[in-house]
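Below, each chain spelled out in residue letters.
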Amino acid sequence: MSEPTARSGTRLTRRLIHLYAGLALYGASSALLVRAGLGLEPWGVLHQGLAERTGISIGVVSIIVGAVVLLLWIPIRQRPGLGTVSNVFAVGIAMDSTLALLPDAHGLGAQIPLMAAGIVLNGVATGLYISARFGPGPRDGLMTGLNRLTGRSIRLVRTAIEVAVVVTGFLLGGSLGAGTVLYALAIGPLAQFFLRVFDLPAPDEGTPDVAGRTPQEAILPQ
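Figured I'd write up the structure that's included with this text. What you are looking at is a predicted structure, and each value in this text was computed from that prediction instead of being measured.

1. Let's talk about the packing of helix α7 (residues 138-150) against helix α8 (residues 154-172)
- Close contact between α7 and α8 brings their axes to 9 Å; oriented N to C, the two are set at 130°. Between α7 and α8, the angle falls in the class oblique. Here α7 runs over α8; the crossing is right-handed. Facing Asp140, Leu142, Met143, Thr144, Leu146, Asn147 and Thr150 of α7, the residues of α8 in contact are Ile154, Val157, Arg158 and Ile161.
- Of the residues belonging to the contact of α7 with α8, the class tally is six nonpolar, three polar and two charged.

2. Re the nonpolar core
- One finds Trp43 and Ile161 to be the most contacted residues of the largest nonpolar core, which totals 46 residues.
- Setting aside residues no more than four positions away along its own chain, Ile161 makes contact with Trp43, Leu142, Met143 and Leu146.

3. Observations regarding the packing of helix α3 (residues 58-71) against α7
- Running from amino to carboxyl end, α3 crosses α7 at an angle of 25°, the nearest separation of the two axes being 8 Å. As far as their axial angle goes, α7 and α3 are roughly parallel. As for how α3 packs across α7, the hand of that crossing is left-handed. When α3 is examined against α7, the residues Ser62, Val65, Gly66, Val69 and Leu70 are found in contact with a partner set consisting of Pro138, Arg139 and Leu142.

About the cut-offs
- Residues numbered from 1 in each chain as written.
- Predicted model: local features only at pLDDT ≥ 70, side-chain atom pairs only at ≥ 80, totals over all residues.
- Heavy atoms only, no water.
- Axes fitted to C-alpha atoms, helices over the stretch in contact; angles between N-to-C directions.
- Helix = DSSP H or I, 4+ residues; strand = E, 2+ residues; numbered from the N terminus.
- Parallel < 35°, antiparallel > 145°, perpendicular 65-115°, else oblique.
- Left-handed = near helix turned anticlockwise from the far one by under 90°.
- Contact = heavy atoms within 4.5 Å.
- Nonpolar A, V, L, I, M, F, W, Y, C, P; charged D, E, K, R; others polar.
- Core = buried A, V, L, I, M, F, W, Y, C linked by side-chain atoms within 4.5 Å.
- Buried < 20%, exposed > 50% of the residue type's maximum accessible area, 1.4 Å probe, protein only.

So, in structure tokens, the structure goes:
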């Protein structure tokens, strides 16, 4: 095997490890926030609200919502990658698996550390799977697709989507609280920090990756 081929194979392996470790940790971090009981991340509020109303586990609800959002990519002409499809299933499975092992936290002495751990772990997870460069997850792909379609800024589109998601989830019975606010304030800086920690060298410019995207397209967040 030539040296360039060996390097390419090693890099692909590292990217796959980053992707699936990141998605698993993302699901686990969301489960920590659920058990902390002090408020969830925006989409988590919606997932929990739907789970309360339907009796379906929150992880399965996450998978269903992800699949529905992915269908919305069709009219806005977004292209899914390996990371997109993996995100739909892996996060929900990891979330339900973690919840099955983790008891509820009782009292602020247990809830606050669990909430903090969930937020930090979410930042770690985000840095890992973004660094894999396998394309955006369904929810962020919807955001970037609507940005391109409407010409509105990413900030405006993301804010509109997440406000709608949080309000709907809260009305359905989802958990909104200090954890939601702290997550919103902390996740950007945490994700940026851990993306630098886990960053992988990009392939040659213009060379498509496994997801069929150039590096510039594939680095979009999940």
